[in-house]
Amino acid sequence: LALWALILFLVTMILFLIPFFIIYTFKEPKRTNLFIRFSRVWMGIFTVGIGCPVTVKGKEHFKKGENYIVVCNHNSFMDIPVSVPGIPGGNKTIAKIEFARIPLFGIVYKLGSVLVDRKNEASRRASVNKMKEVLEMGLHMFAQDVSKEKILMMRMAVQSVRDIANNLLVQYRDSQQAKDLAPC
């Protein structure tokens, strides 16, 4: 099953590279909004194709016209395909720069991310400014469970007077109710 998931991910990613290249030419926030729309279709095909269809619940908690910082524990590589498409509207993920160096995947990764080199103080500070810009554009921010990132996101949320939405996956491993609602 893992090999099938990897093959399907790569094949569908390659198919979506053409629209992603076109999307890359647009300015923000249109670029991110289009990227997320296409990513939802891509991830919908991928998750169904690996036998893990996703049902999204709780979108009504996102108020139209508001943007949010969504914080989620990082449990597996499936967090992004399962979580990010469920966030209504455009969103960017705070992401470590190392994955942006992977051929082809790096292009897709950069489109949906604010990159940060966690070992570099200047990069961490720059990422906070980029995250503020994302919020000012009306997009949502998504952070996985990395304590330095969480601290930056929380600090930024307070400075930007933004709501913080807690994702279902925060208690994914520890809660039987969350396990019952898990996508796979």
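The preceding data block contains the structure.
Residues numbered from 1 in each chain as written. Predicted model: local features only at pLDDT ≥ 70, side-chain atom pairs only at ≥ 80, totals over all residues. Heavy atoms only, no water.

Enquirer: Help me understand the nonpolar core, please; the structure alone is not making it clear to me.
Expert: One broad rule of soluble globular proteins: the nonpolar side chains tend to lie buried together. Counting residues in hydrophobic clusters, the biggest one holds 25 residues, and the most contacted among them are F20, F35, W42, F46 and V108. Within the residue set of this core, elements represented by two or more residues are α1 (2-23), α2 (30-49), β1 (68-72) and α4 (105-111). Per-element tally for this core: the top contributor is α1, with 8 residues. The contacts of W42, once residues within four sequence positions are left out, are F9, T12, M13, F16, F20 and V108. The next biggest cluster of nonpolar side chains, apart from the first, holds 12 residues, and it includes I69, V71, V114 and L135. (Core = buried A, V, L, I, M, F, W, Y, C linked by side-chain atoms within 4.5 Å. Buried < 20%, exposed > 50% of the residue type's maximum accessible area, 1.4 Å probe, protein only. Helix = DSSP H or I, 4+ residues; strand = E, 2+ residues; numbered from the N terminus. Contact = heavy atoms within 4.5 Å.)

Enquirer: Explanation requested: the packing of aromatic side chains in the structure shown.
Expert: Remark: the centre distance and the inter-plane angle together describe each pair of aromatic rings, the angle taken between the planes. A complete count under the given rule lists 10 aromatic pairs for this structure. One aromatic cluster in this structure is built from F9, F16, F20, F35, W42, F46, F99, F105 and Y109. (Phe/Tyr/Trp six-rings, centres within 6.5 Å; stacked < 30°, edge-to-face > 60°.)

Enquirer: Any chance you could explain the pattern of salt bridges here in plain terms?
Expert: Should the charged atoms of two oppositely charged side chains come close, the side chains can pair. Considering all chains together, one arrives at 4 salt bridges under this definition. Here the salt bridges share partners, and the residues they tie into one network are E28, R31 and K92. (Salt bridge = Lys/Arg side-chain N within 4 Å of Asp/Glu carboxyl O.)

Enquirer: Sorry if this is basic, but what is going on with α2 here?
Expert: For α2, built from 20 residues, the straight-helix expectation of 28 Å at 1.5 Å per residue is met to within 8% by its first-to-last C-alpha distance of 28 Å. Those residues of α2 that fall on the buried side of the exposure criterion are T32, L34, F35, I36, S39, W42, M43, F46 and T47. At its buried positions, α2 is contacted by α1, α3 (79-83), β2 (91-96) and α4. Trailing α2 by a residue or two, G51 shows a phi angle of about 80°, which is positive. (Expected span 1.5 Å × (residues − 1).)

Worth remembering: the numbers are spatial, not functional.
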